[in-house]
Amino acid sequence: MVQTPPSPSSPDQYKVDAEKTTVEAIIQASTSETEIDLEFLYTRDIEFRQETIYFLVVDRFHDGDPDNSEGANSELYDPTGKDWGKYWGGDLQGVIDKLDYLQKMGVTTLWLTPLFEQVEDLFISNAAMHGYWTKDFKRINPRYIAQGEDPSLNNTQEERNTTFDSLIAELHQRKMKLVLDIVCNHSSPDTNGSKGELYDDGVKIADFNNDVNNWYHHYGEVQNWEDEWQVQNCELAGLATFNENNSEYREYIKSAIKQWLDRGVDALRVDTVKHMPIWFWQEFTGDMMIHKPDVFIFGEWIYSNPSDDRSVEFANQSGMTILDFGLCVAIRAALGQGSENGFQTIQYIFDQDHCYNGATELITFIDNHDMSRFQSLNPDPAMLKVAIALIMTSRGIPCIYYGTEQYLHDDTDGGNDPYNRPMMEKWDNDTEIYRNIRLLSGLRRLNPAVAMGSQWPKYLTPDIYCYVRRYRDSLCFVALNRGGEVTLPEVETELPDGEHTCAVTRNKYEVKDGKIYNLQLEERGVIVFSHVGERIKGQTIVRVQLNGVNTQPGETIVVTGDCPELGNWDIAKAYPLEYINANTWFGEIPFDESTGNLISYKYAMWREGRSPLRENLVNRRWVIAKEGTVKWRDTWATGREC
């Protein structure tokens, strides 16, 4: 829907009078200020589906600046790296020092644990080395920057000369992105009698134990995890829980995160989203996207699952996507724990993709900082290779937990927290996992079928999983084997006939009639074929996603409109979209003639042997940006016969 532009700040800003503050009037007054405003109004969130995310715990990655390790309270630092609850010295300079290593591995986006200033005390013998006990959301943790450096975002806003700013500059120079991990649900636990003391750039503004302005909930800890009210209002593990009904709190947390976005943060990962009501997140994401329209946001709904209606509602209605715990649990069961149903367990999750409005934007992973590492379940490096190949080539955006490429794991106590957060030890750029991530990350960027396409199983048993990713005339065929060596008599690949080379092994295979005959899969084998068709090219690319339409075989969703690119309302010349799943159609529409213009459009359905079906609504309207890539995300309005 078209948003009403802001009123001019001066009478001459748009050179139109007060009653002409319509979109058309602004377009007619084509000043540079107008162009900036239109870009602002009609740009949507950044395209993230081609990214490969690498998630690291800052304190456990690399100590690039030993001088800052002791911090304000040296008792919280263990230089021996044996006390798992204390700081071990990792910092932002350490991340900067290893950016070349990460870039060469194919990493395009870094997700760092929270960088906010933390409480400098112990809670049950643990320091806040993980970053989730925030003291001041407008200051950087001094342990992560140079000794003596000002941690205040306000004080360094003009100069932007902090270690954090250096990290942003180094990332963006490499065309890499940064995900800031944020916590809106809570601040800090009780540390020596102090709980939930919150600061606004050094000025105390709230205190759980003296909560005169009602910044916190005071309902005790969650007793019944099936009670939605308790989950959203009671405490999680003794952490001071914010009162989202307090508008002063909401203004504070939103203003703080906006400051980080202003410093160059590209995306947000949001902690513990199930513990706050969805209306809060709708307000929060809306404000973030108004402030920075191209921000990408994903949340942690712990153990979300397509069968869990509440987590699905959150993914579809909150304004952010989520970490795909459902797929993670299935992969860990099938490949980490050897479940009887194997790959069928994984396909069961994919079969429910229609529950989501954006299944291709779910964040996929096999482990993280809150669960044992994959290799603590199954130490076989070959099985890890299969698991990584799966998330790198399946729908969704893959996220690799730091050290996976170096087979990093500590199996003490089953590898559970805190032993899933060991110090990074090696930087070998020739391990098999490192090489495979590099190859498959490149494939994700090169082949649009892998990043944006549909997924079709072609051969499925508990031990064998073959599937095709498809978008337009680009294809990717993947064969995975969790068992022993096997030969498949024939497998449909959809690839063009001829010789094809595996992107991982470089072995060559012959395709005939779209099939591979007598396909040999080695034990724990991975085969990936890529066929890249012609890419969409245009001055502006609009990536269209439509949900909520029920189609049958022979029916195609198209976009029709009042511009040449959409057929000038000629339904026969409308632009066809691609079927992704039973809830989603997607396509990329190139715009050249109509860039910079206001257009009208709606969706329709081509039907073999029948009249087309159009949406039953007033035309949608949009200003096509002059260049770049934007998105339309729409829901089908009940159609009417033509």
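Remember, predicted model here, so these are calculated numbers, not experimental data. (Residues numbered from 1 in each chain as written. Predicted model: local features only at pLDDT ≥ 70, side-chain atom pairs only at ≥ 80, totals over all residues. Heavy atoms only, no water.)

### Focus on the overall build of the protein
To keep it simple, the criterion reads: For helices the rule is a DSSP run of H or I covering at least 4 residues; for strands it is a run of E covering at least 2, with both sets numbered from the N terminus onward. C-alpha atoms define the radius of gyration in this analysis, and the globule rule sets the expected value at 2.2 Å times the number of residues to the power 0.38. Burial status follows relative accessibility: with a 1.4 Å probe on protein chains alone, a residue under 20% of its type maximum counts as buried, one over 50% as exposed, and anything between as partly exposed. Whether two residues are in contact is decided by their heavy atoms: any pair within 4.5 Å suffices.
Scanning the protein from N- to C-terminus turns up 15 helices and 30 strands. At 26 Å, the protein has a C-alpha radius of gyration in line with the 26 Å of a compact globule built from 642 residues. When its C-alpha atoms are laid out on the principal axes, the protein stretches across 75 × 75 × 45 Å. Split into buried and exposed, the 642 residues of the protein put 59% on the buried side. Contacts spanning at least 24 positions in sequence make up 71% of the contacts within the protein whose residues lie at least 6 apart.

### With respect to the UniProt feature "domain: CBM20" (unreviewed entry) in the protein
Just so we agree on the cut-off: UniProt positions are given in the numbering used here, feature names are shortened, and annotations may be inferred rather than shown by experiment.
The positions UniProt marks with the feature "domain: CBM20" (unreviewed entry) are residues 534–638. The straight-line gap between the two end C-alpha atoms of residues 534–638 is 34 Å; of that span, 0% is helix and 51% is strand.

### What about the nonpolar core?
For clarity, the cut-off: Here, the term nonpolar core denotes a set of buried Ala, Val, Leu, Ile, Met, Phe, Trp, Tyr and Cys residues that are joined through side-chain atoms within 4.5 Å. The start and end points of each domain follow an automatic or database-based domain assignment.
If you look at the biggest cluster of nonpolar residues, it comprises 148 residues, and the most contacted ones within it are Tyr54, Leu102, Leu110, Leu268, Trp281 and Ile346. When residues of this core are assigned to domains, at least three map to each of domain 1 (66–300) and domain 2 (453–531). In this view, leucine 110 contacts Tyr54, Leu56, Val95, Leu99, Leu102, Leu171, Lys177, Leu178 and Val179; residues no more than four positions away in its chain are not counted. Counting residues in hydrophobic clusters, the runner-up holds 26 residues, among them Trp585, Ile599, Tyr601 and Trp632.

### Some words on unusual backbone geometry
At the junction of aspartate 417 and proline 418, the peptide bond is cis and its omega measures out at 10° in the coordinates. In this structure, proline 418 sits in the loop between strand S12 (397–401) and helix H14 (432–446). Backbone geometry places aspartate 201, a non-glycine residue, at a positive phi of 50°. As for its placement among the helices and strands, aspartate 201 is situated in the loop between strand S6 (198–200) and strand S7 (203–206).

### Here's the deal with H14
Our working definition: By definition here, a helix of n residues has an expected span of 1.5 Å times n minus one.
The terminal C-alpha atoms of H14, which comprises 15 residues, lie 21 Å apart, in line with the 21 Å expected from a rise of 1.5 Å per residue. Among all positions in H14, only Ile433, Tyr434, Asn436, Ile437, Leu440, Ser441, Leu443 and Arg444 are buried. Summarising the contacts, the buried residues of H14 are in contact with helix H4 (99–104), helix H13 (381–393), S12, helix H15 (448–452), strand S15 (474–481) and strand S20 (526–531).

### Observations concerning the confidence of the model for the protein
Cut-off, in case you're wondering: The quantity known as pLDDT measures the predictor's confidence residue by residue, on a range of 0 to 100.
Here the protein averages 92 in pLDDT, while 92% of its residues score no lower than 70. Segment residues 1–23: pLDDT under 50, and 32 contacts once partners within four positions in sequence are set aside and those in other chains are kept. Counting contacts from residues 29–36, a segment whose pLDDT is below 50, to residues more than four positions away or on other chains yields 8 contacts.

### Focus on the environment of glutamate 499
In this structure, glutamate 499 sits in strand S17 (residues 498–501). The spatial distance from the C-alpha of glutamate 499 to the C-alpha of glutamate 510 is 4.5 Å, given a sequence separation of 11 residues. Those residues in contact with glutamate 499 that lie beyond four places of it in its chain are Lys508, Tyr509 and Glu510.

### Description of the environment of glutamate 313
Summarising the element assignment, glutamate 313 is placed in helix H9 (residues 309–317). Given a relative accessible area of 42%, glutamate 313 falls into the partly exposed group. On a C-alpha basis, the gap between glutamate 313 and cysteine 355 in space is 9.1 Å, while along the polypeptide they are 42 residues apart. Among residues more than four places away in sequence, those in contact with glutamate 313 are Ile278 and Ser318.

### Regarding the pairing of strand S25 (residues 584–591)
To keep things clear, this is the line we draw: For two strands to be treated as a pair, DSSP must find no fewer than two bridges joining them.
Of all 8 residues in S25, 8 are buried; the element is thus mostly enclosed. Of the two faces of S25, the one holding Thr584, Phe586, Glu588 and Pro590 and the one holding Trp585, Gly587, Ile589 and Phe591 are both buried throughout. Alignment of strand S21 (residues 540–547) against S25, held across 8 bridges, turns out to be antiparallel. Following the sheet pairing, leucine 546 is matched in S25 by tryptophan 585. Relative to S25, strand S24 (residues 578–581) runs antiparallel, the two sharing 3 bridges. In the sheet register, asparagine 581 faces S25, and the bridge partner there is threonine 584. Adjacent in sequence and paired antiparallel, S24 and S25 are bridged by 2 residues.

### Remarks on the pattern of salt bridges
Applied cut-off: Basic side-chain nitrogens of Lys or Arg form a salt bridge, by our definition, when they fall within 4 Å of a carboxyl oxygen of Asp or Glu.
Applying the stated criterion across every chain, the model contains 40 salt bridges. When the shortest N-O distance is used, the salt bridge between aspartate 59 and arginine 60 registers 2.9 Å. Comparing aspartate 59 with arginine 60, the two get one shared label, buried. Of the charged contacts in the structure, one is a salt bridge between aspartate 207 and lysine 204, with a shortest N-O distance of 3.0 Å. For aspartate 207, a relative accessible area of 12% gives the class buried. On the basis of relative accessibility, which here comes to 41%, the residue lysine 204 falls in the partly exposed class. Through salt bridges with shared partners, a single network forms among Glu47, Arg49, Glu361, Arg543, Glu588, Lys631 and Arg633.

### Let's talk about the sheet that holds strand S29 (residues 628–635)
Within a beta sheet, neighbouring strands are joined by backbone hydrogen bonds and run either parallel or antiparallel to one another. Rules: Interaxial angle, 0 to 180 degrees, is taken between N-to-C directions of lines fitted to C-alpha atoms, where a helix line uses only the stretch in contact.
Strand order in the open sheet formed by 4 strands is S24-S25-S21-S29, and the pairing between neighbours is mixed. Of all strands in the sheet, those bounded by a partner on one side alone are S24 and S29. Sheet twist, expressed as the mean angle between neighbouring strand axes with direction ignored, is 25°.

### Digging into helix H5 (residues 163–173)
All of the buried residues along H5 are Thr163, Phe164, Asp165, Leu167, Ile168 and Leu171. Here the buried face of H5 lies against helix H3 (92–97), H4, strand S2 (109–112), strand S4 (134–140), strand S5 (177–182) and helix H7 (247–262). Within two residues after H5, lysine 175 carries a phi angle of roughly 60°, on the positive side.

### Details of the packing of aromatic side chains
Note the threshold: Classification of ring pairs rests on two measures: the distance between centres of Phe, Tyr or Trp rings, Trp counted by its six-membered ring, which must be within 6.5 Å, and the angle between planes, read as stacked under 30 degrees, edge-to-face over 60 and tilted in between. Consider the ring centre and the ring normal. A charge sits over the ring if Lys NZ or Arg CZ is within 6 Å of that centre and within 35 degrees of that normal.
On inspection of all chains with the given rule, the structure shows 42 aromatic pairs. On the basis of an interplanar angle of 0° and a centroid distance of 4.4 Å, the ring pair of phenylalanine 48 and phenylalanine 296 is categorised as stacked. A residue pair is termed long-range when its members are at least 10 positions apart, and phenylalanine 48 in the loop between helix H2 (32–41) and strand S1 (53–56) and phenylalanine 296 in strand S9 (residues 296–299) qualify at 248 residues. Above the plane of the ring of tryptophan 88 lies arginine 60, whose end atom (NZ or CZ) is 3.7 Å from the centre.

### Observations concerning the sheet that holds S20
Within the open sheet, the 4 strands sit side by side as S13-S14-S15-S20. Their pairing is antiparallel. Two strands close off the open sheet at either side, each with one partner strand: strand S13 (454–460) and S20. The mean inter-strand angle of the sheet, taken between neighbouring strand axes irrespective of direction, is 15°. In terms of strand pairing, S15 meets S20 through 6 bridges, oriented antiparallel. Its bridge partner lying in S20, phenylalanine 477 is registered against phenylalanine 529.

### A look at the side chain of lysine 274
The line we're drawing: In this count, Lys and Arg are taken as positive residues and Asp and Glu as negative ones, while His and the chain termini are left out.
You can see lysine 274 is positioned in the loop between strand S8 (267–270) and helix H8 (278–291). Of the side chains with opposite charge, aspartate 308 comes closest to the buried, unpaired lysine 274, at an N-O distance of 5.7 Å.

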